[in-house]
Amino acid sequence: YQRRVRGDLTKLVCSSKHTYFYTVALLHQASKDRGTGYKLRFLFQELERRARAMGKDTCFISLAMCGAAAYPTIFQALTSMLTLSKNSLNSGDVTTLYQLYSSSDPPPVSYLRLPQLFELLVDSLYNPAVKWRNNEHTDKYIYMLAYGVSVTEKWEGGSRRNVNTKRLEHTISAIQKTHKLAKLDDLQEWYCNIESVLKFLKFPVVSMGILKYCTVVTMDGSYFKGVTDTVPLHLILIDEIASNHPLHHDTVFTFLKQLFQQSHEHLQELEQIEIRKMIIDRMVHLLCVGHAIPVTQYMRECLEKELADKSLIRHFAAEVMEVTTSPYSADFIAEFLPIAKSPDITASLRNINESDSISRFIEYCNG
């Protein structure tokens, strides 16, 4: 329901420049409230992201809202990278920002907290396909990303009283070490450093970086051809990200759906089925850590639109019944009951005494 509302809101807000500007201006003003402000800032950023996906250039409005125009040097550096026609980083502008934010009196950190800027920095640091022409700028990119996500400020009466950089060095270190692993793209190195990697995954920014890395690597058409592990390391890392960061669930689920739908024509049919079962197991894990309705809704759509082999949906149903128990929410029942009642899917999972988990679920729903 919330996703439908956000989708309808996005269409309405982005219907014209005037409605977009008016809406984000209201959200920006309302987001100054200390109690609910962070929720409205999230909504503002979500609208901005969706507007960009629709081909709208939101750069100047976003920078104006955060007050970056008060710092012409910052404004110029950001607009030269973030406008829709550019949408790419360059070392000169990043160096300019680095010099300002590494000074004794840095500008407000809010000017860096732009989702588009974070996405570009994460992609440049963790995408193994992005090759660095000059490695001497790497530390500046890492510093800017770490500063934007870890530094906090205390403001009173329009004046900044404090800049808290307590978490900055730890964040820089975590990004540096995982960035090197991503660029090296050597599976043995990942295994050798797995203990540290799992610790670094506690950092939201690192988890987004590793998610970017895993997405690029696993979406390669030949990836599963060389996999020998029961569950590849990259998918284990995806499970960890889902467990640690609820706000990443949407991104993780989008990735899993893309991986599930990917063609594997170079593999035999049974191998393709096993790979998709492995991906469904990741979806079930995502369901277990709080993303139950979107996952179940997707599998119901796969059944109704015949988007997946029935054996895969049967595997999903069996796994879900294994890890869930009553009471069930009305939303979950609405999505899972059509799967449970489908004879083609669950007939082999039920017994004549109706003591199986599917029969008990249906009985619960009827009661």
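Residues numbered from 1 in each chain as written. Predicted model: local features only at pLDDT ≥ 70, side-chain atom pairs only at ≥ 80, totals over all residues. Heavy atoms only, no water.

### Overview of the packing of helix α15 (residues 269-288) against helix α17 (residues 310-323)
Packing of α15 against α17 brings their axes to within 10 Å, and their N-to-C directions diverge by 35°. Relative to α17, the crossing made by α15 is right-handed. Touching I273, R276, K277, I280, D281, V284, L287 and C288 of α15 are S311, L312, H315, F316, E319, V320 and V323, all from α17. (Axes fitted to C-alpha atoms, helices over the stretch in contact; angles between N-to-C directions. Helix = DSSP H or I, 4+ residues; strand = E, 2+ residues; numbered from the N terminus. Left-handed = near helix turned anticlockwise from the far one by under 90°. Contact = heavy atoms within 4.5 Å.)

### A closer look at the pattern of salt bridges
Enumeration according to the criterion identifies 13 salt bridges in this entry. Among the charged side chains, a salt-bridge network with shared partners connects E46, R49 and R50. (Salt bridge = Lys/Arg side-chain N within 4 Å of Asp/Glu carboxyl O.)

### A closer look at helix α18 (residues 330-340)
F332, I333, E335, F336, L337, I339 and A340 are the residues of α18 that are buried. Packed against the buried residues of α18 are α16 (292-304), α17, α19 (343-346) and α20 (357-366). (Buried < 20%, exposed > 50% of the residue type's maximum accessible area, 1.4 Å probe, protein only.)

### Quick word on the side chain of T218
Take T218: it is sitting in helix α12 (residues 204-218). Among the polar contacts listed, one links the side chain of T218 to the backbone oxygen of C214, at a separation of 2.6 Å. In this structure T218 touches Y223, F224, H234, F255, L259 and Q262, once residues within four positions along its chain are discounted. (Polar contact = N/O pair within 3.5 Å; in protein donor to acceptor, adjacent residues only side chain to side chain.)

### Section: the nonpolar core
The biggest cluster of nonpolar side chains holds 96 residues, and the ones touching the most others in it are I210, F316, F336 and F361. When sequence neighbours within four positions are dropped, the list of residues in contact with F316 reads I280, V284, L287, V295, T296, M299, F336 and I339. Membership of the second largest hydrophobic core comes to 9 residues, among which are Y20, F44, A51 and M65. (Core = buried A, V, L, I, M, F, W, Y, C linked by side-chain atoms within 4.5 Å.)

### Remarks on helix α9 (residues 168-184)
With 17 residues, α9 extends 24 Å between its outermost C-alpha atoms, agreeing within 8% with the 24 Å of an ideal straight helix rising 1.5 Å per residue. Packed against the buried residues of α9 are α7 (115-126), α8 (138-150), α10 (187-192), α11 (194-200) and α12. Phi turns positive, to about 50°, at D185, one or two residues after α9. (Expected span 1.5 Å × (residues − 1).)

### Quick look at the pairing of strand β2 (residues 159-164)
Direction of pairing for strand β1 (residues 152-156) relative to β2: antiparallel, over a ladder of 5 bridges. Across the sheet, residue K154 finds its bridge partner in β2, namely N162. Between the end of β1 and the start of β2, which pair antiparallel, lie 2 residues, with G157 showing a positive phi angle near 60°. (Pairing = 2+ DSSP bridges.)

### Observations regarding the environment of C14
Position of C14 relative to the elements: it lies in the loop between α1 (2-13) and α2 (17-30). Remark: the alpha-carbon pair of C14 and W132, spanning 118 residues in sequence, is separated by 36 Å. Other than its neighbours up to four places away in sequence, C14 contacts Y20, A51, M54 and K56.

### Section: empty space enclosed by the protein
Scanning all chains against the criterion turns up 1 cavity of 30 Å³ or more. Of the volumes computed, that of the largest cavity is approximately 30 Å³. As for the largest cavity, its lining consists of E48, C59, S62, L63, L82, L114 and Q116. In terms of residue class, the lining of the largest cavity is made up of 4 nonpolar, 2 polar and 1 charged. (1 Å grid on protein atoms, 1.4 Å probe; cavity = no way out; pocket = protein on both sides within 12 Å on 5 of 7 lines; lining within 4 Å. Points joined across faces, edges and corners; volume = space filled by probe spheres on them. Nonpolar A, V, L, I, M, F, W, Y, C, P; charged D, E, K, R; others polar.)

These results come straight from atomic positions and should not be treated as a statement about function.
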